[in-house]
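Fold and contact review
So you can see what is in the structure, the chains are spelled out below.
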Amino acid sequence: MQNFSWPQMTAGVCYYPEHWPETLWADDLERMLEAGISVIRIGEFAWNKFEPAENEFSFDFFDRFLDLCEQKGMKVIFGTPTATPPAWLTVKYPEVLNADMSGVKYRHGGRRHYNYNSPKYRELCARVVEKIAQHCGPHPAVIGWQIDNELNCETDEFYSEADSAAFRAFLKEKYGTLERLNDAWGTVFWNQTFTDWEQPDVPGPVLSTGWNPHMRLDYFRFISHSARSFCRMQAEILKKYRKPGDFITTNGLFGNLDNHQMAEESLDLMTYDSYPNFAFGLDRSPRQSNDLNDRKWTRNLIETRSVSPRFGVMEQQSGAIGWVTRMEGPAPRPGQLTLWAMQSVAQGADFISFFRWRTCTFGTEMYWHGILDYDNRDNRKLAEVKDFCRKFRALAPVCGAQNAAAFGLLKDYDNIWDAQADLWHGRLDRQSEKEIFCASELNHTPYDAVYLRDQTAPEELEKYPVLIYPHPMIMTRRRAELLEQYVKQGGTLILGCRAGTKDMNGRFEMQPQPGLLRGLTGTDVRDFTLASPNEKPVTMDWGGHAFEVPVFHDILEPDEGTEVLAEYRDSYYAGKAALTARSCGKGRTIHFGGTFSREIAKELFRLTGILEPFADDLAVPEDVQAVLRRKDGSRYYFVLNFMEEERRITLRRPMRRLDTGRVSEGSVTLKPFETAVYEAPEP
Ligand code: GAL
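Residues numbered from 1 in each chain as written. Predicted model: local features only at pLDDT ≥ 70, side-chain atom pairs only at ≥ 80, totals over all residues. Heavy atoms only, no water.

An order of β5-β4-β3-β2-β1-β8-β7-β6 is seen for the eight strands of this open sheet, with the pairing classed as parallel. The open sheet has two free edges, formed respectively by β5 (247–249) and β6 (271–274), since each of these has just one partner strand. For this sheet, the mean angle separating the axes of adjacent strands, direction not counted, is 25 degrees. Taken together, the four bridges between β6 and strand β7 (residues 312–317) define a ladder with parallel strand orientation. Within the sheet, the bridge partner assigned to Y272 lies in β7 and is V313. Together, β6, β7 and β8 (351–355) form the strand contacts of helix α12 (residues 336–346), whose direction differs from that of β7 by roughly 160 degrees. (Pairing = 2+ DSSP bridges. Helix = DSSP H or I, 4+ residues; strand = E, 2+ residues; numbered from the N terminus. Axes fitted to C-alpha atoms, helices over the stretch in contact; angles between N-to-C directions. Contact = heavy atoms within 4.5 Å.)

We now examine the site of the ligand. All residues adjacent to the ligand are F45, R111, N149, E150, D273, Y275, E315, W323, F355, E365 and W368. A distance of 2.7 Å separates an oxygen atom of the ligand from a polar atom in the side chain of E315. Starting from 300 Å² of accessible surface for the ligand in isolation, the protein chains cover 94%. Judged by its atoms lying within 2 Å of the grid points, the ligand is housed in the largest pocket. (Near = heavy atom within 4 Å. Polar contact = N/O pair within 3.5 Å; in protein donor to acceptor, adjacent residues only side chain to side chain. Areas by Shrake-Rupley, 256 points an atom, 1.4 Å probe, with all protein chains shown as cover. 1 Å grid on protein atoms, 1.4 Å probe; cavity = no way out; pocket = protein on both sides within 12 Å on 5 of 7 lines; lining within 4 Å. Sits in = over half its atoms within 2 Å of the grid points.)

Before going further, it helps to examine the nonpolar core. Core analysis: the biggest nonpolar cluster contains 165 residues, and I40, F78, Y219, L395, F407, M540 and F638 have the highest contact counts within it. Element by element, the count of residues in this core is highest for helix α8 (residues 213–241), at 13 residues. Contact partners of F407, with chain neighbours within four places excluded, come to I436, S440, T445, P446, Y447, D448, Y464, V466, I468, F605 and I610. (Core = buried A, V, L, I, M, F, W, Y, C linked by side-chain atoms within 4.5 Å. Buried < 20%, exposed > 50% of the residue type's maximum accessible area, 1.4 Å probe, protein only.)

Moving on, we get to the pairing of strand β2 (residues 39–42). Of the two faces of β2, the one lined by V39 and R41 and the one lined by I40 and I42 are each fully buried. With three bridges joining them, strand β1 (residues 10–14) and β2 adopt parallel strand pairing. Across the sheet, residue G12 finds its bridge partner in β2, namely V39. In this view, the connection linking β1 to its parallel neighbour β2 by way of helix α1 (residues 22–35) has right-handed handedness. (Right-handed = clockwise from strand over helix to strand, strands pointing away.)

Another aspect to go through is the pairing of strand β10 (residues 407–411). The element β10 is extensively covered by neighbouring structure, given that five of its five residues are classed as buried. Alternating positions in β10 separate into two faces, F407, L409 and K411 on one and G408 and L410 on the other, with burial throughout. Bridge count for β10 against strand β11 (residues 447–451) is five bridges, and the pairing is parallel. Bridged to K411 within β11 is Y451.

Right, let's get into helix α19 (residues 598–607). Every buried residue of α19 is accounted for by R598, I600, A601, L604 and F605. Projected down its long axis, α19 shows its buried positions confined to an angular sector of 160 degrees, all on one face. Phi turns positive, to about 75 degrees, at G609, one or two residues after α19. (Arc of directions from axis to C-beta.)

Below, the discussion takes up the pattern of salt bridges. Scanning the model with the defined rule gives 58 salt bridges in all. A salt bridge links R168 to E198, with the shortest nitrogen-to-oxygen separation between them at 3.7 Å. With R168 in helix α6 (residues 161–175) and E198 in the loop between α7 (178–185) and α8, this residue pair connects regions lying 30 residues apart in the sequence. Overall, R168 belongs to the buried group, its relative accessible area being 17%. Here R221 ties to D414 by a salt bridge, and the two come within 2.8 Å at their closest N and O atoms. Of this pair, R221 sits in helix α8 while D414 sits in helix α14 (residues 413–421), placing them 193 residues apart in sequence. Among the residues examined, R221 registers a relative accessible area of 12% and is labelled buried. For D414, a relative accessible area of 10% corresponds to the buried category. (Salt bridge = Lys/Arg side-chain N within 4 Å of Asp/Glu carboxyl O.)

With that settled, consider the packing of aromatic side chains. Across all of its chains, the model carries 50 aromatic pairs by this definition. Aromatic side chains F61 and F62 sit 5.1 Å apart centroid to centroid with 75 degrees between the ring planes, which places their arrangement in the edge-to-face category. By the burial criterion, F61 is buried, and F62 matches it. A ring pair is formed by F407 and F605, whose centres lie 5.0 Å apart and whose planes are at 35 degrees; its orientation type is tilted. Residue F407 is found in strand β10, and its partner F605 is found in helix α19; the two are separated by 198 residues along the sequence. Of the residues examined, F605 reaches a relative accessible area of 1% and is grouped as buried. (Phe/Tyr/Trp six-rings, centres within 6.5 Å; stacked < 30°, edge-to-face > 60°.)

Turning our eyes to something else, we now look at the packing of α6 against α8. It is the contact of α6 with α8, at a shortest axis distance of 10 Å, that shows an interaxial angle of 105 degrees. In terms of axis orientation, α6 runs roughly perpendicular to α8. The residues of α8 that touch α6, namely those facing D163, A166, F167, F170, L171, K174 and Y175, are M215, D218, Y219, R221, F222 and H225. For the contact of α6 with α8, the class distribution of residues is eight nonpolar, one polar and four charged. (Parallel < 35°, antiparallel > 145°, perpendicular 65-115°, else oblique. Nonpolar A, V, L, I, M, F, W, Y, C, P; charged D, E, K, R; others polar.)

Within the secondary structure layout, Q347 lies in the loop between α12 and β8. On the basis of relative accessible area, Q347 is assigned to the buried category, the value being 5%. Residues Q347 and I302, 45 residues apart in the sequence, show an inter-C-alpha distance of 6.4 Å. In contact with Q347, not counting residues within four places along its chain, are T298, L301, I302, R305, F311, N403, Q625 and V627. Within the structure, Q347 has its side chain in polar contact with the side chain of R305 (distance 2.7 Å).

Here the focus is the layout of surface pockets. Counted as a void, the largest pocket has a volume near 1500 Å³. Along its surface, the largest pocket is lined by 46 residues, and L253, F254, G255, Y272 and N300 are the ones closest to its centre. Sorting the residues of the lining of the largest pocket by element identifies α9 (259–266), β6, α11 (297–307), α14 and α15 (423–443) as the ones contributing at least two each. Here the lining of the largest pocket is composed, by residue class, of 20 nonpolar, nine polar and 17 charged. Residues from two domains meet in the lining of the largest pocket; each of domain 1 (10–156 + 233–398) and domain 2 (407–607) gives at least three. (Points joined across faces, edges and corners; volume = space filled by probe spheres on them. Domains from an automatic or database assignment.)

On to unusual backbone geometry. A cis amide bond links F355 to the next residue, R356, at an omega of -10 degrees. Residues Q513 and P514 are joined by a peptide bond in cis, for which omega reads 5 degrees. For P514, the location among the structural elements is in the loop between β13 (492–495) and α18 (518–521). At W190, a residue that is not glycine, the phi angle is positive and equals roughly 60 degrees. In this fold, W190 is placed in the loop between α7 and α8.

All chains considered together, the criterion is met by four cavities of 30 Å³ or more. By volume, the largest cavity is sized at about 120 Å³. Every residue lining the largest cavity is counted, 15 residues in all, and those nearest its centre are Q347, E441, P446, Y447 and V627. Empty space within the second largest cavity amounts to approximately 100 Å³. What lines the second largest cavity is L410, K411, D412, N415, I416, D429, E433, Y469, P470, H471 and P472. Counting only elements with at least two residues in the lining of the second largest cavity, the list comes to β10, α14 and α15. A per-class count over the lining of the second largest cavity returns five nonpolar, two polar and four charged.

In structure tokens form, the structure reads like this:
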């Protein structure tokens, strides 16, 4: 991975020259530039324009367009067109198609209906990417490349024959012998034992019995492996032909994909596609939602920052969302377009590219609105984009600034995928991650997502005074040692229920829980239960206050030297420990027997001294997001009003608002959806 850096705050837009008469191109580019947009992303669904018939290549169309861009001073990110194979290809080579779980092939006409493992598809993709890269790579307008479009979007499951064959090869490589595979997957259960390498297969239709969980865990790893190698195949071609300094990226964060590994192997940076209006476009009432609606898109942006500290947003929502086949959404209210773009910038994006310049007048996405509407006239969205671009330019000093984080939320792909294969695990993870996120937002206690990987160095963890690893059911010796080192060096590690119970195959360990973490927690879990739906909610007594403990309860027995911080008050385990702390070296481990609620997460922030790290500088109500980026001795506070009403904030020292240059102190009113960025020197 190159350490790509945006030289300045950069505004872009997604454009599809193939959707419009050529006579519109020049006017479109001029109006974009006039609005402050200096980069466009093109090409990602236009395979036919390059290769209208098998092995017949033509570049006239994009040559004309790129030359015009150069002439106008517009820069271009070129998308490789592999997300939508041409009809001539899928009809002639149906083996390139993905299939549903019953093996029924998807047809031409949507997108991402191909599979990663078909040798034919790889060959044809490699050829078209090579031709495009060779031809367009040297063009002075091009500044970067996007591989495919949203790898693993639309579906992250693959069931074609090519996938079956590749899955077997993956398993052979991983296990070597059938004995090892049988053992890892526990195939003795329900007589699933394999006696020939032709027998293991991708998951297929099953009765209510579901699938072997250990097989599914490996299947998710396999999909990730397939997507990564498809991406790497393209990246290696692009690297041969790109100009020095031109970057390689892909867009979006999707399931069954180790984005960290993919970025490390193949990309210079990750870009994200941010559509916060999904929160309103589905069947829900924003007023009733307790998961922060559009504000919760911040979670995905935090995840993107974890993959790529200097990320960009390739598609930033600029209009109402909607397809003709699914999803209906309202237009962004005046101010919301800027709010959502600033939400991305606050989390570290220094490149914001809106989706899309003009709403398409035909096709599935006729309701996925862009900046301009069908009539092509100037409108309020364009005016707002212009205003955003002006404010974005005023953030010049923030470019490259680091996000401040009070704690790290530890995660790893093995546990993420195990939580998909195991309902019980999934329930814990979903509850705790959502609640920790909400607590972080509402209390203005920011965090980084930190992925534990084989190559994670202790220093990467030691930056954080507190790490929360909610439910690492899967634990390895190496990870346990890393955590121990972190704690010994002075860190505070917080673990939730069921930690340390499984091995890398997702099988339970036959040992006292929390297994490999026992030395750190100083607790023994001899009994545990899902919260019973037949009992009143179970609470714990923590310093004289009652806290409801949701979902699941590990009943903790403290070893000598382990401090009990809270006890269950209800059910048959009333009086037993629910929350403990144990010192080790300079740090300590806090073991919580339940899943997290936002109230409990907040108390843990308070206990560990990380609650409201901005309190000396700002006072902001819960509804206002506050985010800090820091650079060169300056603090940049983003304050974003997500509400449709005014909100008051207090600046506790003089700060300069970057877009107006005005210095303020004391009480300030934010208008509905207003965003502001304040600069203050580090104290
Ligand atoms: C994104 C995708 C775009 C467009 C947009 C609206 O996921 O990358 O190509 O489809 O959604 O649906």
